[in-house]
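# Commentary on secondary and tertiary structure
Residue strings, one per chain:
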Amino acid sequence: MARREAAVPLGPYHATPVFAARSEGATIEDVDGNRFLDFAGGIGCLNTGHRPPEVDSAIRAQLEKYLHLCFSVTPYEGYVAVAEKLNALAPGKFAKKTLLVNSGAEALENAVKIARAFTKRPAAIVFNDAFHGRTMMTLALTSKTHPYKAGFEPFPGDVYRIPYAYCYRCSYNLTYPACKLACAHALEDAFKRLVAPESVAAVIAEPVLGEGGFVVPPKEFYPAISEICRKHGILFIADEVQSGIARTGKYFAIEHYGVEPDIITSAKSLGGGLPLAAVTGRADVMDAAGVGGLGGTFGGNPLSCASALAALDVIEKEGLLARSVHLGRKFSERANFWHQQFAVIGDVRGLGGMCAIELVQDRSSRQPNPEATKKIAQYCYEHGLVTITAGTYGNVMRILVPLVVSDEQFEEGLDVLEAALVSAAAPRKELATSNA
Ligand SMILES: Cc1ncc(COP(=O)(O)O)c(C=O)c1O
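Before going into details, it helps to say that this report is about the structure given with it.

Analysis parameters
Residues numbered from 1 in each chain as written. Predicted model: local features only at pLDDT ≥ 70, side-chain atom pairs only at ≥ 80, totals over all residues. Heavy atoms only, no water. Pairing = 2+ DSSP bridges. Helix = DSSP H or I, 4+ residues; strand = E, 2+ residues; numbered from the N terminus. Axes fitted to C-alpha atoms, helices over the stretch in contact; angles between N-to-C directions. Contact = heavy atoms within 4.5 Å. Buried < 20%, exposed > 50% of the residue type's maximum accessible area, 1.4 Å probe, protein only. Arc of directions from axis to C-beta. Salt bridge = Lys/Arg side-chain N within 4 Å of Asp/Glu carboxyl O.

Right, let's get into the sheet that holds strand S9 (residues 263-266). By definition, the strands of a sheet pair up through backbone hydrogen bonds, in either a parallel or an antiparallel sense. Strand order in this open sheet of 7 strands is S4-S10-S9-S8-S7-S5-S6, and the pairing throughout is mixed. Two strands close off the open sheet at either side, each with one partner strand: strand S4 (96-101) and strand S6 (159-162). Pairs of neighbouring strands in the sheet enclose a mean axial angle of 20 degrees, with direction left out of account. Pairing geometry for S9 and strand S10 (residues 277-282), over 4 bridges, is antiparallel. Bridging from a neighbouring strand, Ile263 pairs with Gly281 of S10. Helix H9 (residues 221-231) contacts strand S5 (123-127), strand S7 (200-205) and strand S8 (235-239) of the sheet and is inclined by roughly 145 degrees relative to S8.

Attention now goes to unusual backbone geometry. Cis geometry is adopted by the peptide bond preceding Pro147, which originates at His146 and carries an omega value of 5 degrees. Structurally, Pro147 is set in helix H7 (residues 145-149). Between Tyr176 and Pro177 the backbone carries a cis peptide bond, its omega angle lying at 5 degrees. Relative to the assigned elements, Pro177 resides in the loop between S6 and helix H8 (182-193). Even without glycine at this site, Arg51 takes up a positive phi of about 45 degrees. With respect to the helices and strands, the residue Arg51 is situated in the loop between helix H2 (41-44) and helix H3 (53-63). Phi is positive for Asn173, which is not a glycine, with a value near 55 degrees. Secondary-structure assignment places Asn173 in the loop between S6 and H8.

We now examine H9. Listing the buried residues of H9 in full gives Phe221, Tyr222, Ala224, Ile225, Ile228 and Cys229. Relative to the axis of H9, the buried residues are bounded by an arc of 160 degrees and lie together on one face. Every exposed residue of H9 that faces more than 90 degrees away from the buried side is listed here: Arg230 and Lys231. Its buried side turned inward, H9 meets S5, H8, S7 and S8. Directly beyond the C-terminal end of H9, a positive phi value near 65 degrees is found at Gly233.

What the 4 strands build is an open sheet, ordered S1-S2-S3-S13; its pairing is mixed. Each edge of the open sheet carries a strand with a single partner, namely strand S1 (20-24) and strand S13 (385-386). With 2 bridges joining them, strand S3 (residues 35-38) and S13 adopt parallel strand pairing. Its bridge partner being in S13, Asp38 is matched across the sheet by Val386. The strands touched by helix H14 (residues 407-424) within the sheet are strand S2 (27-30), S3 and S13, with S3 carrying the most contacts at an inclination of about 95 degrees.

A complete count under the given rule lists 22 salt bridges for this structure. In this structure, the salt-bridge partner of Asp56 is Arg51, at a minimum N-O distance of 3.9 Å. Its relative accessible area of 21% is what places Asp56 among the partly exposed residues. Given the relative accessible area of 46%, Arg51 is considered partly exposed. Glu358 is the salt-bridge partner of Arg349, the closest N and O atoms lying 2.8 Å from each other. Under the relative-accessibility criterion, Arg349 is labelled buried at 12%. Overlapping salt bridges, with partners in common, bring together Lys330, Arg334, Glu411, Asp415 and Glu418 in one network.

Shown next as structure tokens:
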């Protein structure tokens, strides 16, 4: 840690002081020989686990052939194969094309460029609590001020923000379904108050909020948003960087809503542990940027492509979509029980294996409780469980466990989380009995 502090700037955050020696499946061993269960998966990048043998072999086989070539100089098959695979997996029967880049933020940057090139319009509409990356354009798209945006201004313009379907903290103080989806209709209102629809290239949304706190909108939300977009010739971009690649029990979370986005961005677990990101979209939209208008030196590097193809195979062969649903069910059983016991738990939510609890000071005020959240994460770390928090208020414990975790390991991790809740927020007897 002393060397880290001397050599690396303060900016890159670390959730734990664990320095890894090796990792496998859902476990990490540190340099002191401590074993940790990993419920963070390198922030959702390890849906197929640490070093699955198939990914390991594919990387080794690629090492024997070539490393960097640059797809813009001498193309190679792996890049094309990943594009074909994503085109086939992404929802929508229409023809699709895929661009490969290095990071989630770079995927979002390119999605905005492509949407502007296709629509010949400048603006983007995004949501409260969204996180889309740390580059300048993606910071403009991102919502949370500290620590992401503050001090890094100015950001590119023509970005407008509307409320998300965050039912637990509804911007309109309404309750679903009586609300009649006021938040989705805020998009129509934005065309009067914020920006004319004919100036809008794209509406960009995370189908399930990631950094914003694992918020799952009601099932009618995206059909309503995408219908409004279609009416006005606006592209709908689903940012699946965190929610995609089997996390929610589908390849893409937007599939739960029966919506076919014009563009989908993916990254994180796509590379099976190596850096890779993608922009997949309608072929006519993707071809709107001219030759040389898209690309980058390392985008879709051969090792990452080999690793991604193997990881996508692992998802299929090991039935990780079903596994995600199973883990989500197990989590919600346990978490709903905790909800009865601990007043500090305000909300339990999730979609498949993308699940979370939101912590509050008390249930009536719903005042966020980041202090308890920090204590719980610290207890987990001290008891061998790596976790990460989320939420605009830093009051959400999110689960991004590798989907290859065994049932025993998952239960073991949930036991630690339960003990952390006991230690940080003693169970309320009256709640336990009244809800029993
Ligand atoms: C939904 C979403 N979009 C974009 C990003 C940015 O990805 P990256 O950190 O790879 O640039 C993230 C990262 O957490 C994300 O969760």
